[in-house]
Structure formats: C-alpha cells, structure tokens
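# Reading the structure
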Amino acid sequence: MAIDLVVRRDWSARAPRGDYTQLDSTKGVKVHYTGGLVSPGIVTDHDACVALVRSIQGYHMDGNGWIDIGYCADEETEILTRQGWASYRRLRAGELVLTLDHETGLSQWQPVIEVCVFPARPREMIRMEGAGHSSLTTPAHRWPVERGAGRPWVTTETMGPGDRMVLAAPCADLPAEAKWSDAFVQLVAWFSTGQGDGLLSPTRDAGVRAALRSVFGTSAWRELPAPARRELDEVAPGRVPGHAFLLSLTRAQLSLFVETVVGGERVAAFGERAAAEAFLLAVLLTGAPVTLRQQSRGGWRVRLGRRRTLAPHAAQRKGRFTITREPYHGEIWCPRTANQSWMARRAGTVYFTGNSYVACPHQKVFEGRGLHHLPAANGPGLNAGHYAVLGLVGNAGLVEPTDGILNGILDAVQYVRDYGRAGKEIKGHRDGYSTDCPGEPLYAWVKRGAPRPGGGSGPPAPPAAPPFPGRLLKYPPVMRGEDVRTWQEQMRRRGFDLAADGAYGARSREACLSFQRQQGITGDGIVGPLTWRLTWEAPSA
C-alpha cells in the first residue's frame, strides 16, 4: 500500500524561517506523540487533524523559536574549537570543536553540522552554579551524564541526584608518535611560565640545564643562540604555546607539559590571559577538569580539579551548589555535532553538554520538514541519527493509537526508508532521551516491534513507483539513459507533451518544473527521489 501523503501545501504549512540542514542518511526513525490533550473527535474529523498539525507548527516556531515544525544555552556560553574558545556569533558550520563520545567516554574533534540560534524573547531558564560549574540553559537542554556504570542522556530539568555531568575526558585524537623530544616540550613549558627570559637563573636548575644541554647544547637561557631562541618563539610566540604545538603533542607529552608548569601543585598563575588559555587547553586534552579565574590583583589563575564529573544535585544538598529557575530575555543557541555533544565554558568553568512526519487517525501522513532535512523534535543532536515521525495521540483524551495512526506511522517509516535513506531502526523518542514521549501505549507498540494492525508484519510493500534510479535527472547538460525514458513515458501517461526519447533536456526540465508546481514541492526542475515517486503515485491534476 502506498503512502497517503499530505504535502505541506495541502495542510497550509508556514514557510520556514531559515534553511534546513541536509540529512543524507539515518539509523532509522524515532516515534513521537504530541503530548498534552488530543481531542478524540479528530478520529472522525480529518479537518481537526489538519488544524492540530498547524497548531503544532505554530508552537514550534513561535513558542520554541525553531525555523519550522520540529534547545539551548545562553549568550555567555562559549564553545571550544581547535583555534580556541568561540562565541556562538563567531562559530560557523564546519569548524572543528571538541565533543564527547558518550559511549567510549573519550573526547574527539568533530565538525559543527549546524549552529542553531533562536531569537531573543522572554523564557524561563535553569541556572546551575557552584565553585566548579556555571550554566544557564533551557529546561529541555540535553546533557550526557554518568549514572552508576551507565551513560544516559538527561535534560536540565530531569537531571537526578545520581546523575554526574562530565567536566573533562581524555582526547582520542592525539598523535601516537612524538614530533618533539620530551626535553623540548619541557623547555617550552618553562619558557611559557617566564623562566626562560635569559635574565634570571632558573629556579629548577638541574632539570632546566639538562634539557637545555640536550636540545641546544648550552646550560643557561641567556646563552641560547639566536636560532634556538627563534625555534622557541616559533612554537610559543610571545611565550604563549600555540594551539598547533599543543595539538601535536602525545598524551604523555601533554601530561609532561602540564606537570612541568605546575610542578606538583594544582594551581598555575599567569600574567597574561593567552598563556593561561594555552595551559587550560593542554590540561583539557589530558582529560583533567580545570577552571580559569581572573585574580583580583591582576593576572589569571588556572586550577586543576580532582574529579572529572560533578553531581549537581548531590552538591546542592551539601550547600555548595545552587539550582534555580530565572527569567531570561536574550538569544539562546546550540551547535549540532555527530556526537550530539560539545565542550562548553561559562564563567571560567568547563564541561561537556549536549546538543518530522505526523501520522493521523485517517492513515494520512503529513509532510513536516520533508525528506533529507534535519528535524528538531528528537532533541538537539539526536536527529543526526534518526528521522522523526509523530502520531497524533496525547497523554490525555486520545491516548490509544488507532489502527489508522499505526498504519500511517508504518507508511511514513517505509517512505523515509525508500526515499530518504533511512535505516531499519524504529525506536521511541525516549530511547536515548529523557522524556515520556511517545507515551506508554504508543511506546509499548514500538517495543513489540511495531507490528502492522490486522496481523500484517512491519511496513508495507514498496510503493507502486519503480525504484529510484540512483542519480538525479537534471539539465544542463543533457542526460541520457533508460531511467530518463522510463520517467518520460510516465509523464506522457500523466498528459504531458513530452517525447520519450531518453534524453533529459530543456523540454524535460520544463515538464518537471510544471509537475513540481502542481504537487506543491520544491520546483528545481530536477527529478530526485520525491519527484520520481510522485510521478507514479500522485493523483492526477
């Protein structure tokens, strides 16, 4: 059975406020419900379904600030890139940022998929504040936490007493082979603390002199030849170790660098912020927690923490931490990464934090953001792995999904598999995300394997259209092949004056544009998976 798709034009969808992020392939589908009260009357009134879907879009766009039907940190929160800490105003898609692989517990560099910024308006935010942590996020903002031996995801408002947020993690992307000698790494560390100024005798004579002799053949800073001084200046200009140098160190050398600077202490003081920032990066790459503070008499202090996790609610009970709700009127933002996480900094504290189709009772499926577009409803980051399909049931009123809703969900699942490169997974929203969605009845059906009502098994057979040929048909230049001829023959059956000559040229493109306008889909004159399917399955004009 083919899907009964209600395209955006037919349910009077509002235009998005921005560009969608492209979604090329997924693990599968996450099933959602609307939540709240859903009137049982929609079972006999399809117009009520249309009105409900429009209201959902309005809430997502006007209430949540999303670009279309489909959470976040405040303006002060920064993100760690390979070039240093950046504000959301400077961050761009494609930049490499430090993320947390929540399965392995290691950090790694990944590109930003999208920077989501939502407009300023009155909101309620949750502030978590203590000596080693400061965050201000929306209640539904996601966090990767540790709980016992497990690693679940929670939201700010659902974080429990046993949940520990991750402050730091060893980096998995460090070089395995040393580019520099250990002695040179030590010299750069001493040089960055101001001991290598050539005027004063080093306070750690034996170690410094041994390293100087090993690397440069001299035993005193003031005797360094000009080429040696230039070599130090190159990796640590202005006595500030560059990011390229620190990122080139092995794990053992990073630990050596940190130990050389602190000398067994847990605090390091710097006159310049740039030097403190460089040291902070070295500490984070080793997997140790750290904070950065400006001192009242000038200069900066970096303190190494003892524990790489923090349990906010446990700290609150001891009187060392506060968790409060407060109004907020600024912009909120969140980056998307493949690991669904990113390293954040606020008020000098550092930690890791996290980053649709609708089926109605009449077995119709409403087009949300559409194929190959990243949805928002799963929660930040989760949509990099799944499409979202929503059944029109709530937690009051209509709570039991009808056969039409279940069949519609399965039709949508098969549709995104056939044309959206979706994988085989069918899971509930709560799988991997702390939420009640999609409600107990709908989730129980998902856990049973999502059987088709009436004894059928799984999604329906493939739709009537022949399989998509695997390439986009477009002009210019002229494209030729049997796939072109097959499409042209079907367009002729639909009444288009088009020769079935197997050549996709200007006339074929004009026919395609006309057909796309008829169907209310993006008019680009290109026969992609959706246009191909509709050529066979869409009702005649």
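All figures in this text were calculated on a predicted structure; none of them were measured in a lab. Each residue is numbered by its place in its chain's sequence as written, counting from 1. Given that the model is predicted, a residue must reach a pLDDT of at least 70 before its local features are reported, and side-chain atom pairs must reach 80 or more before they are shown or counted; all residues, however, enter totals for whole chains, interfaces and linings. The basis for every side-chain value is the complete set of heavy atoms in the structure, and neither hydrogens nor water enter the calculation.

## Some points on the overall build of the chain
Labels follow the DSSP assignment, with helices taken as runs of H or I lasting at least four residues and strands as runs of E lasting at least two, numbered in each case from the N terminus. In terms of helices and strands, the chain carries 13 helices and 28 strands. Summed over its atoms, the accessible surface of the chain is roughly 23000 Å², and 50% of this surface lies on carbon and sulfur atoms. Here, Shrake-Rupley sampling with a 1.4 Å probe gives the accessible areas, and only protein chains in the shown set may cover a residue.

## Thoughts on helix α10 (residues 440-447)
If you check which residues of α10 are buried, you get L442, Y443, W445 and V446. For α10, the angular spread of buried residues about the axis comes to 155°, placing them on one side. Facing away from the buried side of α10 by over 90 degrees, the exposed positions are E440 and K447. G449, located one to two residues past α10, shows a positive phi value of around 100°. The cut-offs for exposure are 20% and 50% of the maximum accessible area for each residue type, with area from a 1.4 Å probe on protein chains only; residues under the lower value are buried, those over the upper are exposed, and the others partly exposed. The directions considered for the arc run from the helix axis to the C-beta atoms.

## Side note on the sheet that holds strand β10 (residues 133-137)
Should DSSP find at least two bridges between two strands, the strands are taken to pair. Taken in spatial order, the three strands line up as β10-β9-β18 in an open sheet, and their pairing is antiparallel. On the outer flanks of this sheet lie β10 and β18 (321-328), each paired with one strand and no other. Neighbour to neighbour, the strand axes of the sheet diverge by 15° on average, direction disregarded. Of the strand pairs in this sheet, strand β9 (residues 123-130) and β18 are connected by eight bridges, and their pairing is antiparallel. In the strand pairing of β18, E124 is matched with P327. Axis definition: a line fitted to C-alpha atoms, over the contacting stretch in the case of helices. Angles run 0 to 180 degrees between N-to-C directions.

## Comments concerning the environment of E277
With respect to the helices and strands, the residue E277 is situated in helix α7 (residues 273-286). Residues E277 and W85, spaced 192 residues apart in sequence, show a C-alpha to C-alpha distance of 8.8 Å. Any pair of residues with heavy atoms lying within 4.5 Å of one another is described as a contacting pair. Dropping the residues within four chain positions of it, E277 is found in contact with W85, L292 and R345.

## Topic: the confidence of the model for the chain
Summary of the metric used: pLDDT quantifies the predictor's per-residue confidence within the range 0 to 100. Across the chain, the average pLDDT comes to 80, with 77% of residues at or above 70. Low pLDDT (under 50) marks residues 456-463, which in the prediction has 22 contacts with non-local residues, meaning those over four places away or in another chain.

## Considerations on the pairing of strand β15 (residues 290-294)
Where β15 lies against strand β16 (residues 300-304), five bridges are found, and the strand directions are antiparallel. By the bridge assignment for β16, Q294 is matched with W300.

## Regarding the sheet that holds strand β11 (residues 142-146)
Remark on secondary structure: sheet strands pair via backbone hydrogen bonds, oriented parallel or antiparallel. Strand order in this open sheet of four strands is β12-β11-β13-β17, and the pairing throughout is antiparallel. Only two strands of the sheet have a single neighbouring strand rather than two, namely β12 (153-155) and β17 (309-310). By the bridge criterion, three bridges tie β11 to β12 in an arrangement that is antiparallel. Bridging from a neighbouring strand, P144 pairs with W153 of β12.

## Structural notes on the pattern of salt bridges
Just to be clear on terms, a salt bridge is a Lys or Arg side-chain nitrogen sitting within 4 Å of an Asp or Glu carboxyl oxygen. A full pass over the atoms with the stated rule returns 16 salt bridges. We note a salt bridge from E129 to R127, for which the minimum N-O separation is 3.2 Å. Looking at E129, the relative accessible area reads 26%, which means it is partly exposed.

## A short note on a positive patch on the surface
Like-charged residues within 9 Å of one another, or nonpolar side chains (Val, Leu, Ile, Met, Phe, Trp, Tyr) within 5 Å, are grouped into patches, provided each residue has over 30% relative accessible area and no salt bridge. Just so you know, the count uses Lys and Arg for positive and Asp and Glu for negative, and it drops His and the chain ends. By convention, charge coordinates are those of NZ in Lys, CZ in Arg, CG in Asp, or CD in Glu. On the surface, R307, R317, K318 and R320 cluster together into a patch of positive charge. Position of R317 relative to the elements: it lies in helix α8 (residues 312-317). A relative accessible area of 61% means that R317 is categorised as exposed.

## Examining the packing of helix α11 (residues 482-493) against helix α13 (residues 529-537)
One can describe the packing of α11 onto α13 by two numbers: an axis separation of 9 Å at closest approach and a directional angle of 40°. The angle between α11 and α13 places the two elements in the oblique class. Crossing handedness for the pair α11 and α13: left-handed. In contact with D483, T486, W487, Q490, M491 and R493 of α11, α13 contributes W532, T535 and W536. The residue makeup of the contact of α11 with α13, split by class, is four nonpolar, three polar and two charged. What sets the label is the angle itself: under 35 degrees gives roughly parallel, over 145 gives roughly antiparallel, 65 to 115 gives roughly perpendicular, and the rest give oblique. Left-handed describes a crossing in which the near helix is turned anticlockwise from the far one by less than a right angle; the clockwise case is right-handed. Put simply, Ala, Val, Leu, Ile, Met, Phe, Trp, Tyr, Cys and Pro go in the nonpolar bin, Asp, Glu, Lys and Arg in the charged bin, and everything else, Gly too, in the polar bin.

## Focus: the nonpolar core
Remark: nonpolar core denotes a set of buried residues (Ala, Val, Leu, Ile, Met, Phe, Trp, Tyr, Cys) joined through side-chain atoms within 4.5 Å. Counting residues in each nonpolar core, the largest one holds 59 residues, and the members touching the most others are W221, F245, F257, F279 and L284. The residues touching F257, leaving out its near neighbours within four places in the chain, are V185, V188, A189, S192, P241, F245, L246, L249, F279 and A282.

## Here's the deal with α7
The span you would expect from a helix comes to 1.5 Å times its residue count less one. With 14 residues, α7 extends 20 Å from end C-alpha to end C-alpha; this agrees with the ideal 20 Å at 1.5 Å per step. In terms of burial, α7 is a largely internal element, 11 of the 14 residues being buried. Within α7, the full set of buried residues consists of A275, A276, E277, A278, F279, L280, L281, A282, V283, L284 and L285. The first or second residue beyond α7 is G287, which carries a positive phi of 95°.

## So, the packing of aromatic side chains
Only centres within 6.5 Å qualify two rings of Phe, Tyr or Trp (six-membered ring in Trp) as a pair; their planes then separate them into stacked at under 30 degrees, edge-to-face at over 60, and tilted for everything else. Going through the model one piece at a time under the given rule, you end up with 11 aromatic pairs. Taken together, the aromatic side chains of W180, F184, F216 and F245 make up a single cluster linked through ring pairs. Above the plane of the ring of W109 lies R82, whose end atom (NZ or CZ) is 5.3 Å from the centre. Two conditions define a charge sitting above a ring: the NZ of Lys or the CZ of Arg must be within 6 Å of the ring centre, and it must be within 35 degrees of the ring normal.

## Description of unusual backbone geometry
A cis amide bond, omega -5°, links Y475 with the succeeding residue P476. Position of P476 relative to the elements: it lies in the loop between α10 and β27 (479-480). A cis amide bond links P476 with the next residue in sequence, P477, at an omega value of -10°. Mapped onto the elements of the fold, P477 is located in the loop between α10 and β27. Here R239, not a glycine, exhibits a phi torsion of approximately 65°, which is positive.

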